[in-house]
Every structure is written in C-alpha cells, then in structure tokens.
Amino acid sequence: MNRLTYTILDIATIITDHKLLRNENDDIRYLIYDSRKVNDPKHSLFFALKGNKDGHSFVDVVYNLGVRNFVVADGFVPVKDYIDANFLYVEDTLVALQTLAKYHRKQFNYPVIAITGSNGKTVVKEWLNQLLAIDFNIVRSPKSYNSQIGVALSLWQLSSDNDLAIIEAGISKVGEMDKLREMIQPTVGILTNIGPAHSDGFRSTEEKIVEKLKLFKGADRLIYSPKYISAATLIPEGSQLFTWGFDDTDLKVLRKEQDKGFLTVYAEFKKNEISIEIPFNDEASIENAIICWSVMLSMNYSQEIIRKRMKALLAVEMRLELKNGVNNCSIIDDSYSCDIASLTIALNFLQQQNQHKKRTLILSDIPGVEKDKLSIYETVALLLKSNSIDGFIGIGKDISSFSSLFSKSAIFYNSTEDFIKALPGMNFHDETILLKGARSFYFEKISKLLTLKTHDTSLEINLNALEYNLNYYKRKLDNQTKLMVMVKAFSYGSGSFEIANLLQFNRVDYLAVAYPDEGIALRVSGIKSPIMVMSPDLLSFEAIIDNYLEPEIFSLDLLRSLIGLLEDRGIKEYPIHIKIETGMHRLGFEAQDFNELIEIVSTNNSVKIASVFSHLAASGSPKHDDFTREQIAKLKMFTNELKEILPYSFLVHISNTAAIERWPEARFDMVRLGIGLYGVGSLSEGLLETVATLKTSVSQIKHIKKGETVGYNRNGVLEDGGTIATVKIGYADGFSRRFGNGVGKLLIKGKLVPTVGDICMDMCMVDVTDMPVKVGDEVVVFGKEPTVESLAASIETIPYEIMTGISQRVKRIYFYE
C-alpha cells in the first residue's frame, strides 16, 4: 500500500513544538485512541482523548501492550518513567488528531466526495463505491466512521494508490461541521436528506440545515434535493449545483413502476426521459438510488452504463453477525466487504469473543488492489499475528500467491468453490470463526454451511444499540461510581456470553446473575469480570468458590454455612455481598439480625464484604417516593454503622435502572443496570435505542370463506371472510396464548395485523385481508414497532415477562457495526 510515511518526529513537526522524543525515527502507521483496540503496537500512535473516560488513565495499559508513541495533554505526568517512549504534548488531543488528519488530506489532489444528511449517508457511500469502483481506486470511510474522531481516522487511510475518496460526515450539534470541513476539504458534496434523526443538538430544522451545509463551503460541486433546503440562500456560493426532485430540478423524477422484482424509476434529464431499474422498492432505497444516479450524471457517465450498474446494486450490509455455528462454534459473519480498515474492525470484534480459546479467520482476496499487493498482504499477516489468530484460511488467487507471508499452518484455496469442496474434510469445532470476504467471493455460501440450522424465528440483538444504552447510563454517573450490569435470566432473554463479552469489553465493574449455573456458564465462556450470584443456596457454595463467583448473602444460615466451608478449605477473605431488607420483603437481613451479622463479619477473616446493598421496591413510581426515601435511609443507617466497625471499605448500592435516573442521591458507590440496557424503560422514552427485535416469517396464505373458522376450538372467525397468513411463531417460542383472538398484533408490510383464533404451539394466524402478503414475508413480533412495551401492555404484563419468556429454540443473531 503506497501511503505517505511518517516518523514520530514528522508528526511532532505537524502538531506541536512540545515533545519528548527518545526514538524520533519510530515509524507511525496507525492512529489509535482505544486501549482495547491495539492491532500493531509498534507502529501505533496513541491519542489520549477525553470522553466518557479520560484516555490519559489508559496510557500505562497501552504501554504494556507495546505502544511507545503517545499524544497527551500539556501537564500530563506519567505514572512512571517510560524511558523508551515518545510523548507529544498538546493543548487538546482531539484537535491534534484532527490537525494531523487535515495535514494528511492536503497531500492528495484527487477528488474527495463528502456526504452528509440525517439518513442514508452510509448506504449512499457504499452504493457509490459499488457503482464507481470499476473506474476508480476508492478509499472510503469504514462502516459509519463519520464523527469528529471517525472522520480523522477515515482520512488517515488516504494513499497514493487511490484516486477517489468518499467520506461520511455526521454531526449532532452546532459548531461541529466546520471542523469536519477543514479536515475533509471536499471537492464534491452530497446532501442525502434532512429528517428528525440526530436533532437533539439543534434548536430548529433550519439551524440543522445551515450547520450541515457548512460542509460544502468551497466544494466544486454539490448534489442535493431542494425539498430538503428551505431557501436557496442557504446554499454555499461558488459550487456547481446538481439538483434532483419531483419539480423543476436537473433530474426530475416522473414516476415509478414495479415489475418482476425490479423497480423502474423514470425521470427527465436535459429534456429527455431516462430511467433506471433497481432491485429495491422501499422509499429510503429509492431516494438513495436517485442520489447515486444524480452523482453519476453529474460525473458525465452515460445513461447506458448507469442503467447497467444500477440494476446490479446490492443491499448494504454494514453489520457483523454473530451466530451459533456447527460443532459448538461461533460464527462472525462479515461476508460483504473486505478491506484493511474493515478487517481491523472485524478483528477487534473477534478479540471480544472469549467463549472459545481458538480463533480462526477465513479471508478472501482484498479487492481493488492493483499496486503494491505485497504491502497489503504484509499488513494482513501483521494483523493476524498481533491479534493472535490461531487458524487462518485464505481464499483467492492473490492471497494464495502470498502464502509465504503467513504461518505454515495456514491453508489457501483459489476460490470459494474449492474451499466448499474441501469443507467436509475439515474439523471445525469449539472455535470462533470470522468470515471476512469481498462480495465477489460469495462468502454467504460458507456462512450457510457453517451456521447451525435452527428455527426460522429469530431474536436479533443490536450490540451497537446495547452499547449506546450502556453509555447513556454511564454518562449519568461520576467517575467514582461503579456499574454492575444484570445478565440474569439469559440477559433478559438476549443471550449469555454474547452480552457478557460486550460488557466485559466495555469494562463494566460487575456482572450479576440469579443462579450459580448462569455464572459458571459465563466463566466457562471466558468471562473474567467479577460476577455476583443473587440466589445462592447451601448446595451451590462449592461450585461458587471453584469458579470464583461472589455470592449474595441474605441470611445468617447462609453466612455461617459459607464460612464453615471456607474454613475447611483454608480460604481467607472470600468476597461476599450482604443483602439488607429495607422494604422489598423478598430477601435480606432483617434489623433484628444486624448485631449478630456485624459480630460475625467483624471477627471472621474467611469472608470479606465486597458490598452491602438493598433493593428498591418502587423507584420508578412518584407516588411511592416517600417509601423509596425510607429504603435509602435504612441502607445508609446500617452501612454507616458497619463502616465504623470494619477495618476496610466496601461498596454500597441500591439503585436499579429507574433509580439511576430518578434518584441521583442513591447512586452511592455503585448502581445496578437492568432492563434499561436493553432499551426498555418509560423514564427514558426516546433516549434509548431498541436492542432486541423478534422476527419470523409467513409460512402460508389461506383464503377464508364467510362462515369458516380458524384454529383450535374454532375461535377464529372472519365475519365476511378474508385472507389469513400462518406465521412461524407460537406459545412454545414465547408468544403467549393470551395474544390470541385479536389481542396481539404483528407487523407485516408496515402494517399491524391482528391475530385470528387461538395461538398454537408453533404458529399463529393473522388477518392480512386485502394486503399483498406472500409466503416468506418478514413478520416483526416486537422491535421498534410494535414495541415490547406495547406488546406487554396488550396482555396486562410487563416487558420483563415478554423478553425472558422467549424460548431458547428461537435463534439469537447478534449484530455489531
């Protein structure tokens, strides 16, 4: 890869005069800011950014990983003398990162397309890559790297191999776009649309439009639709404009026609009627395709070429999928794109997985590489080594020709077909397998063969949304308050190690499970975080100790039994969590037990109290606020007394999800986050993201005559006859019989349709009269619509019951972008 080379001295010259250099010729190839994502420490430069966490507190962690080059804030004092490290001191580390990105961008004179808008940025970027890659060597933003940090990292990829860049730019408040424009310096601008997404940081839609349009100041050309811009005076001066829309625009859309799996869009351009065919019919995809059409017309592509390439557009899959594989494997499916940047991201996700000791990568050729292929595959080999990949399979003639760069155990095939022919003789088992392939290699065929065959109904878990919700609650806490996350009941139905891996990666302080078996399963899956067991019993203490789980102790009998076992095994200071009864009246020490409890824990060194806590009964209900205050006061009274007696400190916690938001005074030393992590909670309506979506599909369509009945007990009736769809979900999957006979409503083709008749064990029927529904159509049980809250309300229960009731036979698919 022919990219500019920088030494640490070169970078110091660009961003600061204040430096401490021990090895000024260190070669810098990667810019990093996350201590969890270090792929090539020798050639990495760590920027200590200040965000939810202060990057300066991770300098020692990164140093121990092998990084020797750092950008830190003026006044930073290392915890020790890093005698072989280089330090660049700057006023603001984020500004320094952006300054470096801006400098690097200026070294290249080829066109840079910048895309912004409320929605569609990533799809338009990826489709333009598909449409233009035949003619250009394109560098583009990885995934959705469009933030103040993401744009800088995207621009760092620019090299002399490329002759076109496509960069996304996203903002969330006023004042951000100028910084992005200064870095990107676009020659071509694209405004996708203006909608409600990311509006919280703006006082009005017009203010958001004005801010977004700042990106295009100085651009040679701007592609946009006037329907999204309230006044022409808002358009930056000096740019050549290309407009699209339904009125008087350069590309005037006339009509749309659907036929045989393709949608034809007709438009007028330069007084001629032209058209494209696209394999999509939803409004968002149609609009994104028209934008790409406009871009190609503005670049003087012939209509013949445009039509041919548009018809071949492929859906954009920007998410990694984590699925259960054959022979107890885990499959990470990222089989739709393949370049160094996205490979690095995928390898970082692979590193989060601890459920298997062995990690395997199946990788295709890196497409679009014409020059310096050796450098590209040397980089791949280095990434494999630094990420400790145990098994490697390369597929493609290019990567096979560089087999000498990889370990002797690596296996190579010239094509996907050759690999599939050899697959029956391979012995994949108990390993995590990352599939990373370019579209032309059709790795989805490999994914299908390696993925465990299960029930069609699936619960899709958006790990990005879960991470977003986690950070939402983290931002409410100060730096001293710890976070315990509840992963009991199969993480509220969402999964086990899959969720725990992400939480461990995000450095939550504690995990909590209900029973020892749940904690043991996490330990077996490689989870090393502290785990509290909330419902231990006398018979489970041996297993708890063997797996270093930390039991909740709520009675004197439990405490004495545990101490007896610890004394027999000669164990000292084993961590325990004391549960105090303050009003929930479920589990916990009563006031009359306090004196004896204090006597035991203060005189016995077999146990050491890690925390003392209680459980709020109604923290989310204002009408019970006085009772909540009483509970908080009772816990404080007991813990204050205990603190005076014990010679060591311990954590105090009582806040659940609702209390994190409503009772800041009750956050104490730690809070316990539960169902809010999964996007459920009326207190945060609109502020949390939907994590879980339960989906199934239509098995059959039936036409019902007047007088005919549907389902068991003949309870289902369509008064005037009609059409029903049989759907692949029943009460054995967790779709309760209470949803029968019109109570439950499922989403098909954007419309909520009622159930008809009783819910069966494995399926149910819904009314789709006068709807264009066919076999195989997707059915949403809950997600963004209908929500799990609305589903629960319809049968007078709570979301907890719905989510934890989803059967284990429903496959879980995990997405991560």
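Preceding this section is the structure that the text describes.
Residues numbered from 1 in each chain as written. Predicted model: local features only at pLDDT ≥ 70, side-chain atom pairs only at ≥ 80, totals over all residues. Heavy atoms only, no water.

Turning our eyes to something else, we now look at the environment of Glu-176. By secondary structure assignment, the location of Glu-176 is in the loop between strand E10 (164-168) and helix H6 (177-184). A relative accessible area of 12% places Glu-176 in the buried class. Sequence separation of Glu-176 and Leu-215 is 39 residues, and the distance between their C-alpha atoms is 9.8 Å. Residue contacts for Glu-176: discarding those within four places in its chain leaves Gln-148, Ile-171 and Glu-211. Among the polar contacts made by the side chain of Glu-176, one reaches the main-chain amide nitrogen of Lys-173 at a distance of 3.5 Å. (Helix = DSSP H or I, 4+ residues; strand = E, 2+ residues; numbered from the N terminus. Buried < 20%, exposed > 50% of the residue type's maximum accessible area, 1.4 Å probe, protein only. Contact = heavy atoms within 4.5 Å. Polar contact = N/O pair within 3.5 Å; in protein donor to acceptor, adjacent residues only side chain to side chain.)

Moving on, we come to the environment of Ser-388. Summarising the element assignment, Ser-388 is placed in the loop between helix H11 (373-386) and strand E20 (391-395). Given the relative accessible area of 48%, Ser-388 is considered partly exposed. Distance from Ser-388 to Tyr-712, taken between C-alpha atoms, is 56 Å for residues 324 residues apart in sequence.

Contact pair helix H20 (residues 556-568) / helix H21 (residues 594-603): the axes reach a minimum separation of 11 Å and the direction vectors enclose 15°. One finds that H20 runs roughly parallel with respect to H21. Here H20 and H21 pass one another in a crossing that is left-handed. Here Leu-556, Leu-559, Arg-560 and Ile-563 of H20 come into contact with H21, specifically with Glu-596, Leu-597, Ile-600 and Val-601. (Axes fitted to C-alpha atoms, helices over the stretch in contact; angles between N-to-C directions. Parallel < 35°, antiparallel > 145°, perpendicular 65-115°, else oblique. Left-handed = near helix turned anticlockwise from the far one by under 90°.)

Our next topic: the pairing of strand E13 (residues 240-245). Remark: a regular strand shows side chains that alternate across the two faces of the sheet. Note that strand E12 (residues 221-224) and E13 share four bridges and pair parallel. Bridging across to E13, Ile-223 finds its partner in Phe-242. Pairing of E13 with strand E14 (residues 251-259), which is carried by two bridges, proceeds in the parallel orientation. Paired with Gly-245 across the bridge in E14 is Lys-252. (Pairing = 2+ DSSP bridges.)

In total, this model carries one cavity of 30 Å³ or more according to the counting rule given. Within this model, the largest cavity holds a volume of roughly 30 Å³. Together, Leu-694, Gly-734, Phe-735, Phe-739, Val-781, Phe-782, Leu-791, Ile-802 and Ile-806 line the largest cavity. Taken together, the residues that form the lining of the largest cavity break down as eight nonpolar, one polar and no charged. (1 Å grid on protein atoms, 1.4 Å probe; cavity = no way out; pocket = protein on both sides within 12 Å on 5 of 7 lines; lining within 4 Å. Points joined across faces, edges and corners; volume = space filled by probe spheres on them. Nonpolar A, V, L, I, M, F, W, Y, C, P; charged D, E, K, R; others polar.)

Let's shift gears to the pattern of salt bridges. Applying the stated criterion to the full structure yields 42 salt bridges. A salt bridge links Asp-84 to Arg-68; the nearest nitrogen and oxygen atoms lie 3.0 Å apart. Of this pair, Asp-84 sits in the loop between strand E6 (69-73) and strand E7 (86-90) while Arg-68 sits in the loop between helix H2 (59-64) and E6, and the two are 16 residues apart along the sequence. According to the relative accessible area criterion, Asp-84 is partly exposed, its value standing at 29%. For Arg-68, a relative accessible area of 22% puts it in the partly exposed group. We note a salt bridge from Lys-373 to Asp-398, for which the minimum N-O separation is 3.2 Å. Remark: Asp-398 occurs in helix H12 (residues 397-401) and Lys-373 occurs in helix H11; sequence separation between them is 25 residues. Here Lys-373 falls in the partly exposed class, since its relative accessible area comes to 24%. For Asp-398, a relative accessible area of 22% corresponds to the partly exposed category. Three or more residues are tied together by salt bridges with common partners; here these are Lys-125, Glu-126, Arg-140, Glu-168 and Asp-339. (Salt bridge = Lys/Arg side-chain N within 4 Å of Asp/Glu carboxyl O.)

Distances and angles like these do not, on their own, reveal function.
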